[in-house]
Amino acid sequence: MNLILLGAPGAGKGTQAEILCERLNIPTISTGNMIREALKSGTEMGLKAKAFIEAGQLVPDEVVIGIVDERLRQDDCKNGFILDGFPRTIPQAEALDRMGVTIDRVVDINVPDEVIARRVSGRRVCLDCGNTYHIETKKPHVDGVCDRCGSTLVQRKDDQPETVQERLSVYHAQTEPLRDYYAAAGKLLVMDGQMDIQEIAEKTLEQLKA
Ligand code: ADP
Ligand code: AMP
């Protein structure tokens, strides 16, 4: 099963990817996590991406397309994958089509802008394994410590309110048109992202079987 998770920043893509990847036994490819990883290791790509991320802008298409193309060629993607945060523009979706991969379903997680602000202000992430938490709705077992790998949880720099507003307007301008792109291809599955985390995952899994 080749899946795409679509939605505004903070809609819950990473959270759902974490559950779905375990249940479906396929890897998650999170471009956001890959870029943050590159930034942390100080690679050339990371350095190029830094200013864009911090300003709430998208990293240029050719950079992101390159990293996804390389990642999808790895063996663990042969039985399926979950794309979290890619594609985010029409040119990225077209590039994915050109890579020759067939996308089975695109899950669009719908959350209104006013809820997003509350979500991201409470978001805490593990910079080592990419797991995502929330100080109210998805607390780690031990405050400030990742359940999965034991690393320290941090607040992302781009989760500051001004940057979030910019990310939301970028989402509406550049990413939201992908809904129509995938609806036209008959692949779009729309989920109410305001339901409970587990409920969204169960409903998604049910729909994927249908
Ligand atoms: P995205 O990957 O789409 O940017 P995340 O998965 O990081 O979003 O979710 C954003 C924040 O909202 C996180 O702190 C997460 O724990 C929380 N969250 C995700 N889904 C839900 C939900 N259904 N209800 C309440 N909080 C949620
Ligand atoms: P995320 O963790 O998915 O919220 O992504 C964090 C940031 O990484 C985004 O705000 C962008 O700057 C960059 N990024 C992640 N995925 C993409 C993508 N597909 N295209 C362009 N930029 C991206």
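Just so we're clear, the structure is a prediction, and the values are computed from it rather than from any experiment. (Residues numbered from 1 in each chain as written. Chains lettered and ligands numbered in written order. Predicted model: local features only at pLDDT ≥ 70, side-chain atom pairs only at ≥ 80, totals over all residues. Heavy atoms only, no water.)

Of the regular secondary structure elements, the protein chain holds 9 helices and 8 strands. At 16 Å, the protein chain has a C-alpha radius of gyration in line with the 17 Å of a compact globule built from 210 residues. Viewed in the frame of its principal axes, the protein chain has a C-alpha envelope of about 40 × 40 × 35 Å. The buried share of the protein chain, taken over its 210 residues, is 46%. Considering only intrachain contacts with a sequence separation of at least 6, the fraction spanning at least 24 residues in the protein chain is 71%. Working note: accessible area of the protein chain is about 10500 Å², and carbon and sulfur atoms make up 49% of it. Each charge sign in the protein chain was given a centre, from 26 positive and 33 negative side chains, and these centres are 2 Å apart. (Helix = DSSP H or I, 4+ residues; strand = E, 2+ residues; numbered from the N terminus. Rg over C-alpha atoms; globule rule 2.2 N^0.38 Å. Buried < 20%, exposed > 50% of the residue type's maximum accessible area, 1.4 Å probe, protein only. Contact = heavy atoms within 4.5 Å. Areas by Shrake-Rupley, 256 points an atom, 1.4 Å probe, with all protein chains shown as cover. Lys, Arg positive; Asp, Glu negative; His and termini not counted. Charge placed at Lys NZ, Arg CZ, Asp CG, Glu CD.)

Okay, the packing of aromatic side chains next. Given two aromatic rings, their pairing is described by the distance between the two centres and the angle made by the two planes. This model, assessed by the stated rule, comprises 1 aromatic pair. Relative to Tyr-182, the ring of Tyr-181 lies with its centre 5.0 Å away and its plane at 80°, an arrangement referred to as edge-to-face. In this structure Tyr-182 comes out as buried when scored by relative accessible area, which is 3%. Lys-138 extends its terminal NZ or CZ atom over the ring of Tyr-133, reaching a point 4.7 Å from the ring centre. (Phe/Tyr/Trp six-rings, centres within 6.5 Å; stacked < 30°, edge-to-face > 60°. Lys NZ or Arg CZ within 6 Å of the ring centre and 35° of its normal.)

Here we take up the pattern of salt bridges. Applying the stated rule across the entire model yields 15 salt bridges. Here Asp-128 makes a salt bridge to Lys-40, at a shortest N to O gap of 3.1 Å. Note that Asp-128 is positioned in the loop between strand E5 (123-126) and strand E6 (132-134) and Lys-40 in helix H2 (residues 31-41), a separation of 88 residues in sequence. Note that Asp-75 is salt-bridged to Lys-78, the shortest N-O span being 3.0 Å. Residue Asp-75 is classed as exposed on the basis of its relative accessible area, which comes to 62%. Its relative accessible area of 60% is what places Lys-78 among the exposed residues. Among the ionic contacts, a cluster of salt bridges with common partners joins Arg-123, Arg-156, Asp-158, Asp-159 and Arg-167. (Salt bridge = Lys/Arg side-chain N within 4 Å of Asp/Glu carboxyl O.)

By definition, the strands of a sheet pair up through backbone hydrogen bonds, in either a parallel or an antiparallel sense. What the 3 strands build is an open sheet, ordered E6-E5-E7; its pairing is antiparallel. Edge positions in the sheet fall to E6 and strand E7 (153-154), since each has one partner strand and no second. (Pairing = 2+ DSSP bridges.)

Take the pairing of E5 next. The pairing of E5 with E6 spans 3 bridges and is antiparallel. Looking across to E6, one finds that Val-125 is bridged to Thr-132. Two successive antiparallel strands, E5 and E6, enclose a turn made up of 5 residues, where Gly-130 displays a positive phi of approximately 85°. As paired strands, E5 and E7 are joined by 2 bridges and run antiparallel to one another. By the bridge assignment, Val-125 is partnered in E7 with Val-154.

Inspection of the secondary structure assignment puts Thr-175 in helix H7 (residues 161-175). Residue class for Thr-175 comes out buried when judged on its relative accessible area of 5%. Apart from residues lying up to four places away in sequence, Thr-175 is in contact with Leu-6, Pro-87, Arg-88 and Val-170.

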